[in-house]
Protein chains: 2
Amino acid sequence: MSSRVVVIGGGPGGLEAARLAADLGQPVLVVEKRESLGGMPISANYAALTHGMQSAEELSNLLIQGATSRPNVEVRANSEVTAVDGAAGAFSVTISSNGADDTVEAGAIVVATGFQHFDPGRETQQYGYYEFPDVLALQDAERMLKENNFVTPSTGKPPERVAFIQCVGSRDRQIGNEYCSKVCCGISSKQAIEVRQQVPDSRVFIFYIDMRMYGYWENEIYWPAQEQHRVNYVKGIVTEILSKNGRLLIRGEDTTMGRPMEIPMDVVVLAVGMEPSQGTRQMAEILGIPSNQYGFIETVHDSLDTVTTTVPGVFACGAATGPADLDDTISSAGAAAAKAVAFLRSAVGTPA
Amino acid sequence: MSSRVVVIGGGPGGLEAARLAADLGQPVLVVEKRESLGGMPISANYAALTHGMQSAEELSNLLIQGATSRPNVEVRANSEVTAVDGAAGAFSVTISSNGADDTVEAGAIVVATGFQHFDPGRETQQYGYYEFPDVLALQDAERMLKENNFVTPSTGKPPERVAFIQCVGSRDRQIGNEYCSKVCCGISSKQAIEVRQQVPDSRVFIFYIDMRMYGYWENEIYWPAQEQHRVNYVKGIVTEILSKNGRLLIRGEDTTMGRPMEIPMDVVVLAVGMEPSQGTRQMAEILGIPSNQYGFIETVHDSLDTVTTTVPGVFACGAATGPADLDDTISSAGAAAAKAVAFLRSAVGTPA
């Protein structure tokens, strides 16, 4: 029997779960595939976080420091979980680092392997992501905004007109992602504000089906975006992006005005949705956890338990279980830590 | 010094926090103002829960049983916290039950005092909630649906036409509630499905600004509502409800069709939003926790900490901190339990 919690994934959810499980008295091992901790906000160079607009790097560093400062948290970067044997209370977790395998004992496991950005080339070639240099995805825009260098890639000049297209890879039966990715409305609106701040002469448009600015995102982001930053929201569907006279041309329908539209743009940002990361798919398979039809990990009891999986001793948090914003991830990571440690207390006994 | 966690509020968040804090080894006292545990889903007679469509009563009983079955959880119903003295690790909590005061020691406090439904009479008299018996609020519809008796109140007959009006008391500067209440789109859609199931001959309309069916609500509720249950979604604003020939008449604008509308209805359900409960306002004052401009309790660090308040040793979860769905509440309750117990471990030491 082992009192150790193995946390798979060193992004925001994994770091928060690790810190809390450690503060609840357990030894914790964080296994991270990448070279560095921090997960998607760091590896994809996010600028400011939604909501709050604080630096993603600064906040990620707080999370990293929170976990790594605990004496009972060990981190293995450049490492992958390749096999799990045994059962709850006494798992044998095989970790592969630089081609060498090692096995550690674990009493409980928290899967925090997160999401990947939808690939906007897949079945959505009408948006020309791999064809036109000035068509970006959200994460490309994040990197440029973080570098304070939001330009039209093909010219290197500040864009005059920027469009965001919502629901790329979400709410889409043809692609198979019927779910809403939850965060893209907020992230696009946050980026729109940042573009207006960095390129004050730009005009920024967001083409949407429904603006899902739930809870405080409404008053903290959506209203200021419109009132203070003059972001233009257009309820409309963009069906096609063309290149014309060295500029992008977006075609579609303004559904409020009830008329077709054809508007020149310098930069178009595709608000790509969330899909389960490769790691999430791999861990579901290795651990034998059922996934839903989209490949996200299923938890046992819908609303009443957001973190417990059907495999005893295995918990999941954050975007490994489905579209999640940072608040969701931090909350469910806390719940996963609590449930993993409570499970260990009943299975293994109170730690010494 | 005390190792006890006092949880204020016996709804879903309080019950989940209590159970987990107990499973993490602390003695827990739940203080509930009402006669019974279960919070709003029980006291307001909710039918099925959003999402999942399971019986609110059955799921609430699971939560109640989860907390009350722990030997280290004590419950005081019909009781209110009227004063808190001392400081983190050694709070003195005064509890008033049936006119008699009692003081208990607590090391940490979790505030789980939730929300109240927006009063649709306040500044929205154009909807005639107190004037027309056939104008309901979401919670009125819940009660009727739970009793499997969804009728037109003035006639007692099954309604032919039912309308839901979204964003009543939310996204509204005039009322002062600029935030989005997050759950009303999902709850209205769930109720619309239930109405269609209980009154198969009815036609059901939902008038909305944006349908905020985030995450899995999109594929689990929104698509089935339209495709299987033939609920009609109309992007439009209802400005007025009148009574005409013994029936309701709703007036407004269909913003997609770009034309005014005037439609007779038998029943109109106002999708009222969330406001902080009286208990949430009282506890913020008694504990000296800052609230935001809407009266919800503020946590310390935006996305990075959804439960820690600025008062050491005091945590909050669920809708006490702002609009929250049941998943949010269960996750943040887990996080609050983890952080309260971690705090006690560092302040008071490991429980014996």
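The residue numbers shown here count from 1 along each chain, following its written sequence. Labels are handed out in written order, letters beginning with A for the chains and numbers beginning with 1 for the ligands. Totals for whole chains, interfaces and linings use every residue, but because this is a predicted model, local features are given only for residues with pLDDT of at least 70 and side-chain atom pairs only at 80 or more, for both listing and counting. Just so you know, side-chain values use all the structure's heavy atoms and leave hydrogens and water out.

Caption draft 1: The overall build of chain A, seen in detail. Think of it this way: any DSSP run of H or I at least four residues long counts as a helix, any run of E at least two long counts as a strand, and we number them from the N terminus. For chain A, the helix and strand inventory stands at eight helices and 17 strands. Here the globule rule reads 2.2 Å times residues to the power 0.38, and the radius of gyration is calculated from C-alpha atoms. For a compact globule of 352 residues, the expected C-alpha radius of gyration is about 20 Å, and chain A comes in at 22 Å, within 12% of that figure. Seen along its three principal axes, the alpha-carbon backbone of chain A occupies a region of about 70 × 40 × 35 Å. What makes two residues a contact is simply this: any of their non-hydrogen atoms within 4.5 Å. Of the contacts formed within chain A by residues at least 6 apart in sequence, a portion of 64% connects residues at least 24 apart. Note on areas: these come from Shrake-Rupley sampling with a 1.4 Å probe, and a residue is covered only by the protein chains present in the view. Of the accessible surface of chain A, which amounts to about 12,800 Å², a share of 46% is contributed by carbon and sulfur atoms. When charges are counted, Lys and Arg are positive and Asp and Glu negative, with His and the chain ends excluded. Positions of charges follow a simple convention, taking NZ of Lys, CZ of Arg, CG of Asp or CD of Glu. Distance from the positive charge centre (27 side chains) to the negative charge centre (41 side chains) of chain A: 5 Å.

Caption draft 2: Quick look at the domain arrangement of chain A. Residues and elements named next belong to chain A. Start and end points for every domain follow an automatic or database-based domain assignment. Under the domain assignment, chain A is made up of domain 1 (5-114 + 277-348) and domain 2 (117-274). Computed from C-alpha atoms alone, the centre-to-centre distance between domain 1 and domain 2 is 31 Å. Taken together, the contacts link 19 residues of domain 1 with 25 residues of domain 2. As a working definition, buried area equals the accessible area (1.4 Å probe) given up by two parts on being put together, with both sides summed. Summing both sides of the interface, domain 1 and domain 2 together bury roughly 1,800 Å²; the carbon and sulfur share of this comes to 63%. By salt bridge we mean one thing: a side-chain nitrogen of Lys or Arg within 4 Å of a carboxyl oxygen of Asp or Glu. At the boundary of domain 1 with domain 2, the tally comes to two salt bridges. The salt bridge involving E57 is made with K146; its shortest N-O contact spans 2.8 Å. Any pair of nitrogen or oxygen atoms within 3.5 Å is treated as a polar contact; in protein, a donor-acceptor pairing is required on top of that, and neighbouring residues in sequence qualify only through side-chain atoms on both sides. For the interface between domain 1 and domain 2, the tally reads eight residue pairs in polar contact (both at pLDDT 80 or more).

Caption draft 3: Fine view of the environment of E160(B). Residue and element names in this part refer to chain B. In this structure, E160 sits in the loop between α4 (138-146) and β10 (161-168). Taking the C-alpha atoms as reference points, E160 and I42, separated by 118 residues in sequence, lie 29 Å from one another. Aside from chain neighbours lying at most four places away, what touches E160 is D201, S202, R203, R247 and D266.

Caption draft 4: The arrangement of the relation of the copies chain B and chain A in detail. A least-squares fit on C-alpha atoms brings the copies together, and the residues used are those whose pLDDT is at least 70 in both copies. When chain B is fitted onto chain A, the two copies agree to an RMSD of 0.0 Å after a turn of 180° and an axial shift of 0.0 Å. Overall, the copies show the geometry of a two-fold rotation axis. A shared interface surface links the copies, since 100% of the contact residues of chain B are contact residues in chain A too.

Caption draft 5: Main features of α4(B). Residues and elements named next belong to chain B. Burial classes: relative accessible area under 20% of the type maximum marks a residue as buried, over 50% as exposed, and values in between as partly exposed (1.4 Å probe, protein chains only). By the criterion of burial, α4 is predominantly enclosed, with seven of the nine residues buried. The set of residues buried in α4 consists of L138, Q139, D140, A141, E142, M144 and L145. As for α4, its buried residues are in contact with β8 (115-117), β9 (135-137), β10, α5 (184-198) and β15 (267-272). Positive backbone phi, approximately 50°, marks N148, located one or two places after α4.

Caption draft 6: How the structure looks around the interface of chain B and chain A. At the interface, 61 residues of chain B touch 61 residues of chain A. Between chain B and chain A, the buried area comes to about 5,000 Å², and carbon and sulfur atoms account for 57% of it. In terms of surface lost to chain A, no three residues of chain B exceed Y216(B), S303(B) and L304(B), which account for 13% of the buried area on that side. Our enumeration of links across chain B and chain A arrives at eight salt bridges.

Caption draft 7: Up close: the packing of helix α8 (residues 326-347) of chain A against helix α1 (residues 12-23) of chain B. Every axis corresponds to a line fitted to the C-alpha atoms, with the helix fit spanning only the stretch in contact, and the corresponding angles, defined between N-to-C directions, vary from 0 to 180 degrees. Running from N to C, α8(A) and α1(B) point in directions that differ by 45°, and their axes come no closer than 9 Å. Relative to α1(B), the element α8(A) is oriented oblique. Helix-helix and strand crossings are classified by hand; for α8(A) and α1(B) the assignment is left-handed. Together, A338(A), K339(A), A342(A) and R345(A) of α8(A) and E16(B), R19(B), L20(B) and D23(B) of α1(B) make up the contact between the two elements. An angle counts as roughly parallel when it lies under 35 degrees, as roughly antiparallel when it exceeds 145, as roughly perpendicular when it falls between 65 and 115, and as oblique in every other case. By the definition used in this description, the sense in which the near helix is turned from the far one sets the handedness, with an anticlockwise turn below a right angle giving left-handed and a clockwise turn giving right-handed.

Caption draft 8: A look at the sheet that holds strand β3 (residues 73-76) of chain B. Residues and elements named next belong to chain B. Two strands are counted as paired when DSSP detects at least two bridges linking them. Pairing in this open sheet of five strands is parallel, and the strands run β3-β2-β1-β7-β17 from one edge to the other. Bordering the open sheet on either side are β3 and β17 (314-316), each of which pairs with just one other strand. Going from strand to strand, the sheet's axes swing by 20° on average, the running direction of each strand aside. As paired elements, strand β1 (residues 5-8) and strand β7 (residues 108-111) share four bridges and run parallel to each other.

Caption draft 9: Molecular detail of the nonpolar core. Each nonpolar core is a collection of buried residues, namely Ala, Val, Leu, Ile, Met, Phe, Trp, Tyr and Cys, held together in the definition by side-chain atoms within 4.5 Å. By size, the foremost hydrophobic cluster in this structure holds 158 residues, and its most contacted members are F150(A) and F150(B). When neighbours within four sequence positions are excluded, F150(A) is seen to be in contact with L136(A), A141(A), M144(A), L145(A), P158(A), P159(A), V162(A), V195(A), Q198(A), V199(A), V267(A) and V269(A).

Caption draft 10: Quick peek at the sheet that holds strand β6 (residues 100-106) of chain A. All names here are of chain A. Taken together, three strands build an open sheet; the order of strands is β4-β5-β6 and the sheet is antiparallel. Each of the sheet's edge strands pairs with one partner strand only, and the pair in question is β4 (79-87) and β6. Between one strand axis and the next, the sheet turns by 25° as a mean value, whatever way the strands run. Two strands pair when backbone bridges link them, and β4 and strand β5 (residues 90-97) are joined in this way by eight bridges, in the antiparallel orientation.

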